[in-house]
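Analysis of the macromolecular model
Spelled out, the chains give:
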Amino acid sequence: MDSILQDALIYGKKYLPSGKVANYIPELAKADPSHLGICLMLPDGSTYQAGDFQVPFTMQSIAKTFSLILALKTAGYETVFSKVGMEPTGDCFDSIVQLETKQLPPFNPMINAGAIVTVSCIKAQDPFEEFLALVRQLCFNNTIALNESVYLSEKRTGMRNRSIAYLLQSDQILEGEPEQVLDQYFHMCSVEVTTVDLARYALILANDGLDPITGTQMLEEWIVRIVKTLMLTCGMYDESGEFAVKAGIPSKSGVGGGIVATTEQGMGIATYGPVLNQKGNSIGGTHMLEYLSSKLNLHSFASKTYTAV
Ligand code: GLU
């Protein structure tokens, strides 16, 4: 496995020159474009890593999987899906076009509009505190914390997200104060993790909510099923279809350069590489996952008689 991960890294690195680090949140532009790393965990707890797997990064849109879990746990299926849909969108993650043309409610919880509504559904005294507690619990790391500079940077420059929140309020989809909901959302996006943290979380998702290492049921199965389905159909922005065909692994990416991926075989994988392609997905990360999918036969719909190439 070590040598497969090394090969995946070499393969992923080849693509770095054709992408760019995100800069619409100024703090993100400081990331080192040469970084690329991966962590993979098997159900028996064996962990494999390669490259810059220990470099911390902010979750950004990966936070949308945790906020969905928290909303489903605290508000329930009916409430959440009365406010947000389950359909993929062919538009970019921060698009307002569907809001402007009144295609409501927002298509799914993995795009900004849908995630902002999902955050507003969370029933908790302090939604961010609950969110952070959930992240720490599912990543088995109590030191996970907010990256204050990224949070402030995003709060200062998040005008597109503000437009989204106010449009949602004008159509009575978003209840509550837009600035307050946005502040929760910006906090959640700015939580800092490593690939080791996210691979640990992915391991739980990959095993239907049961942590195979401790034997504890960490999440209800129905919630995990919804989250993984939406990761497969909507988790890679408007590249979700292509990534589903090529890699076929339920995954969620963030503009911070992370990708969290859960396999049918019960593996948890996370990649980090801040250089993004035009759709906003880590270019090294997507290629490493495609490589591993092919080498290890990880496609969710792979034929039983498939021969790895
Ligand atoms: N915080 C980012 C934003 O809302 C998250 C976007 C992403 O990772 O796709 O713009």
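Residues numbered from 1 in each chain as written. Predicted model: local features only at pLDDT ≥ 70, side-chain atom pairs only at ≥ 80, totals over all residues. Heavy atoms only, no water.

1. Details of the layout of surface pockets
- By volume, the largest pocket amounts to about 320 Å³.
- Partitioning the lining of the largest pocket into residue classes produces 7 nonpolar, 6 polar and 3 charged.
- For the second largest pocket, the lining is made up of 13 residues, of which Arg225, Lys228, Thr229, Pro250 and Glu264 are closest to its centre.
- Counting residues per element, the lining of the second largest pocket draws most heavily on helix α11 (residues 221-234), at 6 residues.
- The residue makeup of the lining of the second largest pocket, split by class, is 4 nonpolar, 4 polar and 5 charged. (1 Å grid on protein atoms, 1.4 Å probe; cavity = no way out; pocket = protein on both sides within 12 Å on 5 of 7 lines; lining within 4 Å. Points joined across faces, edges and corners; volume = space filled by probe spheres on them. Nonpolar A, V, L, I, M, F, W, Y, C, P; charged D, E, K, R; others polar. Helix = DSSP H or I, 4+ residues; strand = E, 2+ residues; numbered from the N terminus.)

2. Details of the pattern of salt bridges
- Under the counting rule described, the total for this entry stands at 7 salt bridges.
- For arginine 200, the salt bridge is made with aspartate 211, and the minimal N-O distance between the two is 2.7 Å. Of this pair, arginine 200 sits in helix α10 (residues 195-206) while aspartate 211 sits in the loop between α10 and α11, placing them 11 residues apart in sequence.
- Judged by its relative accessible area of 0%, aspartate 211 is buried.
- Its salt-bridge partner being lysine 228, residue aspartate 208 comes within 3.3 Å of it at the nearest N-O pair. Of the two residues, aspartate 208 sits in the loop between α10 and α11 while lysine 228 sits in helix α11, which places them 20 residues apart along the sequence. (Salt bridge = Lys/Arg side-chain N within 4 Å of Asp/Glu carboxyl O. Buried < 20%, exposed > 50% of the residue type's maximum accessible area, 1.4 Å probe, protein only.)

3. Digging into empty space enclosed by the protein
- Under the definition given, this model contains 3 cavities of 30 Å³ or more.
- Of the volumes computed, that of the largest cavity is approximately 60 Å³.
- Taken together, Tyr24, Ile25, Gln60, Ser61, Lys64, Phe93, Asn112, Glu154, Tyr185, Cys189, Tyr237 and Val255 make up the lining of the largest cavity.
- The computed volume of the second largest cavity comes to approximately 40 Å³.
- Looking at the second largest cavity, the residues that line it are Thr89, Asp91, Cys92, Phe93, Ser95, Gln98 and Ile111.
- In the lining of the second largest cavity, the residues fall into 3 nonpolar, 3 polar and 1 charged.

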